[in-house]
Each structure stands twice: as structure tokens, then as C-alpha cells.
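# Coordinate analysis (summary)
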Amino acid sequence: MFFIVLPFLLLVFVFSYLPLLGWVTAFYDYKPALGLGGSEFVGWMWFEILVSSETQLKQIGQVMANTLAMSFLGIATSLLPVFFAMLLNEVRAKWFRNAVQTLTTLPNFISWVLVYMIAFSLFSTSGLVNTTLHDWGLITVPMKFLDTDQHVWLTMLAWSLWKGLGWGAIMYLAAIAGIDQSLYESARIDGANRFQLMRYITFPMLMPTYVVLLVLSIANILNNGMEQYYVFQNAFNREHIQVLDLYVYNVGLTGNSLSLATVLSMLKSLVSLALLLAANAIAKRARGSSII
Amino acid sequence: MTATDTGPRLRHARGDIPFALINYAGFLLFALVCGYPFYYLIINSVSANDISALGDVRLWPVGLHLSNYEQILGLPGLTGSMLVSIARTVIGTGTTVLASAFLGFMFTQERLKNRSLWYRFIIFTMYFNAGLIPVYITIHTLGLTNNFWVYILPAIVQPFNIILVKTYVESLPQSLQEAAEIDGAGIVTIFFRIILPNMTPILATVAIFSAVAQWNSFQDTLLYVTDQKLYPLQYTLYTYLNQANSLAQAAQNAQGDLGSIASAATSQTPTSIRMTVAVIVVLPIIFVYPLFQRYFVKGIMLGAVKG
């Protein structure tokens, strides 16, 4: 029995557990061409470099600020899909509801490269927005929406919402469909109006789902992913767009130090794991069941 | 209750009508914001290239023509990229569907020793990974960089899919399998003959999720592949974004070589190249998505039940 699942367990081992061995490169001056055997053992050198120089510290500080800012902006807007679902549920015309759902979830299924492509065609200096504003005589010089260091965090948040809001609402719409209708009926007989039904029945019934997702997003506070930030990054916005995941990539694969990037990777994984375990413990205490 | 008030459902609060109006208008606006960019790409890819380059195509196509699509297919590397994208989508989806089905089923079998241990061994990887660079070093050491299988092998076992399938198999009636066991069927026979045919709805969900993920994947190419022959469409689109100017020149030259005089309306501009390739990349999603929407919804609901 065990032997027929073994190949799959091996795949998991190779791609998810074996890389843990790669953590030792944090203690070497790793050069891929030389392999680990040919690379020099340097002990804690990379860790010291990380905290010793003023510029390095400042850079890491900025990266952490970006990472936390993006995560907290995401958490601060995490109720939007709940409201989206509650309001869409109030729309009586079924065809309209379906059309809205299809159109607003579509962006979730395209890649970040395409999102950037869309951003470029709409907001570049020769894009739709600039040419339209120019034709209407509102501006004479094209506005720089993409090649700028202004409002980077908010722009990134806006694109995340554009891509994810409709899809994020789907789960809540499903949850609303599962609410016991007799709750609404008895509330209506008691004279509750539409807003009271939303406020006192729908919203509280969505909270358990919301809290689980919220706890998970707190555990994922360091994991913004890098694709979005990678495609939107340019020479102008680099300082404020570099989140931890992107920074690790930039240091390790476009910069020159795989070892330094490994140190960052490793610290990030450990902190993330600790956050997840903490979040799980809190969830366990609060609602009696774990989230992982 | 008055005579006009025929039941609780029809009770209207003051402010209901303005609320409904604002609500509809709000959703209409957001739906437009989400949908219009796709429409914008499409109308620009079929409009006269000199006009679209000025950003003057906004509401409907101007100077309709389809020659962009013919010319774009002649761009260096594009047909190859299409094949890579199709190959990784088909092979990647096929393998992960089979693996998820099989593992999801096996983890419901009490005969599998230590099954909860192995199940957790897999699920844990959903929450924890060694990090970008250690994974890169491992893949590099295994010789999987610049190798087509780097798109397939790491993606075969997907914890989330296994959870979905396992939950689904647990909801199937036990008697199905028991009857087959009495007839002396082995575990592999039971899986292929009894369980697999009964799993179609959940496998459709898994298939569509993984097909979209494979089609959209960009990061694995960025990290592990430098060989242009292995670039999928997403990555090629990204490189086109950065080199659209020189490509437009190349396309114009190619036209000149053929001896035809390229008119301003059909000769390639950076804008036309970007838009047309983007449409080629996004069209499969636009066509497939509405057809399979219910499977996506079902998938995310099942996932939510599990939390």
C-alpha cells in the first residue's frame, strides 16, 4: 500500500523538504558554479553583514516597511469583500447579479503580467487615461502614473483590489446562500427592514468565515508574493515597491549574493512559521478548532 | 397589517429605492472598471494601428482589420511559446488531476499505514516552505533549470487539491467500495473502476484551477529558465512589453522584405504588438472562464468548509 503513494511523497520531499538543506548555504559564500564543496565556509558572516552596515540596515528597514504596509493595507481592506457580497446579495435582478459576478471575478484569473500590460495601456504616458485627459484639455503634459515614486503603496493596493475583490466576495456570497432563511423570515415578521436584516443577521453570520481568513492573513504578513511587485517595479518606484519577497529575489538572483538571500529566505520562513503557529493557537483558544 | 401590505416580503423601508439605485449604479461602475480593460485590449488589437497608437480607440474598433494576428504569429518565438504554454497546461493539469485524485482517495483508506502522518507531511507544505532561494538552489542542483519538467514536477502534488478530493471521497457512500471489495477487487482496480468515475465534479474543479495556474504561470520561468525556447506565452508577453519597439521595427522590415508596401493602418507599432499578444494570452481565459465559473465557485466553497 505504502509503495504506491511513495513516488508522490518523494516529490513532496524533494521540492518542499529537501530545500531545507539549502539553508546551510547561509553559512557559506555560495557560488553555484563551484558547488557547496568548493565554496568557502564563512560562519555567521552574512548575518553580521545584514546588521553591521548602516546602509544595509536602512535598506532592510525600508523593505520591512513596504512589506508590512502592503500587508496591513490588505488587512485594512479585508472587510470590503464582505460588504461587496452583502450589497450584491441585495440586487434583485438575477441576470445583473450574475453579470456583475462574472465581470468582477475575471481579473482574478489573469496573470500579473497581463495586469501590468493593462496598467501600461491605460496609464502609461501615451495610454488611454493620459490621451483622454489631454483631448479634453485637462492636462497638457502627460501625468506619470507608473514611472513615479508617489503613492506606490496605494497604487499597488488598488491593483490588488481590482484583481481580487470580486473573487474574494464569492466565498461570502456562498456563505450568504447557506444562511437559514427562517432567520430572515422571523426577523421580517418582527418588522425588521432590509438594513436591519443585513446588520443583525447577514453580517454576524459571515463573521466566522471572515475571522478565519483574517487570522490566516495575519500569519501571512511577510508573504506578499513577488509577481505583482516584480512586474510593476521600475527605476523610479523601486524604493517603495520592494517587499521582502521581491527583495530576496533581487538580492539573490539579480544581485550577486545567493548566500545573503538565503539568510533572508530562512529568517522569513522561520518568522512566518512562528506567526502561523501563534495564529493557530489563538484560533484554537478562541473558537475551539485549529485553522491549519 | 394594512390591505396593501400583503406580506413581510413586500415591506419597504424608507430609502429602499435610493439605496437600490445607488447599489445598482455602484456595481455597474465596478463591473465596467473590471470588464472595460479587456474590451479595450480587444478593440485596439483589431483597429487601425496608426490610430490605436495615438490612444484614440476607446469605445469601438476604428478601421477594423485582422492582419495584426497574422503578422504577430510570425514574430520570433511566438509559436514556440504557444506550444510551451499549451504543453505545460495539458501535461501539468493531467498529472496533477491524476495525482490529486489518487492521493485524495488513498488518504481515505484505512489500509494505508500512518495515513494521517503522510497526509500531514503533505499538507504542512501548504503553510511552510524553505524559501525562494533554497528552492532555487535545490532545483538548480537537480539539473531542472532550463528544463521543461520544472514546470510540471514541482506542481504535481498540490495539498489544496488533495484536501478537496479527500473531502469529496469521504462524502461518497461507503457501500460503493465495499461491494467492489467483496467481489475481490484490489485497491488500484477500485480506484480506477469505482472511485475515479464518481469523482468527475471535483476533478473538474481541480482541473480548471490547475489549468488556469499553469496557463498564467510566470514566476517559475523567471526563476528557473533562461532558454528562450522554453518561454511560455506569459513570459514572452513580458519580454515583448520591454522590447515592443524593436519588434515593431522587425515586423515592419519583414513586411518590406515581402515587397508589399505596409500601410500606416496595418504596419506594426509597439502598441499593436502589445495589445495583440495580450489578447492572444487572455482570450482562452475569457472563453473558458464563464463556462467553468460554477466549478471555481464549488471549489472555493469546498475549500472554505475545510477552512
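All values derive from a computational prediction rather than experimental measurement.

A few words now on the overall build of chain B. Counting its regular elements, chain B contains 13 helices and 0 strands. N-terminal to C-terminal, the α/β element order of chain B is α-α-α-α-α-α-α-α-α-α-α-α-α. Restricting the contact set of chain B to residue pairs at least 6 apart, pairs at least 24 apart contribute 73%. Surface exposure of chain B reaches about 14600 Å², of which carbon and sulfur atoms provide 65%.

This part takes up a nonpolar patch on the surface. On the surface, Met1 and Ile4 of chain A together with Leu98, Val188 and Phe192 of chain B cluster together into a nonpolar patch covering about 410 Å² of accessible area. Along the chain, the position of Met1 of chain A falls in the segment before helix 1 (2-17). Met1 of chain A sits in the partly exposed class, given a relative accessible area of 32%.

It is worth spelling out the domain arrangement of chain B at this point. Residue and element names in this part refer to chain B. Structurally, chain B comprises domain 1 (15-75 + 231-306) and domain 2 (78-229). Each partner contributes residues to the interface: domain 1 has 26 residues there, and domain 2 has 29 residues. A buried area of about 2400 Å², summed over both sides, lies between domain 1 and domain 2, and 75% of it is on carbon and sulfur atoms. For the domain 1 face of the interface with domain 2, the top three residues by lost area are Tyr231, Leu233 and Gln234, together amounting to 28%. On inspection of domain 1 and its partner domain 2, the count reaches 0 salt bridges. Joining domain 1 to domain 2, the criterion identifies 7 residue pairs in polar contact (both at pLDDT 80 or more). The set of elements that each furnish at least two residues to the side of domain 1 that touches domain 2 consists of helix 3 (67-73), helix 12 (233-257) and helix 13 (270-306). Of all the elements, helix 13 adds the most residues to the side of domain 1 that touches domain 2, at 15 residues. Each residue belonging to the side of domain 1 that touches domain 2 can be placed in one class, and the counts come to 20 nonpolar, 4 polar and 2 charged.

Attention now moves to the nonpolar core. Counting residues in each nonpolar core, the largest one holds 140 residues, and the members touching the most others are Phe232 of chain A together with Met199 of chain B. Of the residues that make up this core, three or more belong to each of domain 1 (15-75 + 231-306) and domain 2 (78-229) of chain B. Val82, Leu88, Val100 and Met198 of chain A belong to the second largest nonpolar core, which has 18 residues in total.

Conventions used here
Residues numbered from 1 in each chain as written. Chains lettered and ligands numbered in written order. Predicted model: local features only at pLDDT ≥ 70, side-chain atom pairs only at ≥ 80, totals over all residues. Heavy atoms only, no water. Helix = DSSP H or I, 4+ residues; strand = E, 2+ residues; numbered from the N terminus. Contact = heavy atoms within 4.5 Å. Areas by Shrake-Rupley, 256 points an atom, 1.4 Å probe, with all protein chains shown as cover. Patch = residues over 30% accessible without salt bridge, like charges linked within 9 Å, V, L, I, M, F, W, Y side chains within 5 Å. Salt bridge = Lys/Arg side-chain N within 4 Å of Asp/Glu carboxyl O. Buried < 20%, exposed > 50% of the residue type's maximum accessible area, 1.4 Å probe, protein only. Domains from an automatic or database assignment. Buried area = accessible area lost by both parts, 1.4 Å probe. Polar contact = N/O pair within 3.5 Å; in protein donor to acceptor, adjacent residues only side chain to side chain. Nonpolar A, V, L, I, M, F, W, Y, C, P; charged D, E, K, R; others polar. Core = buried A, V, L, I, M, F, W, Y, C linked by side-chain atoms within 4.5 Å.

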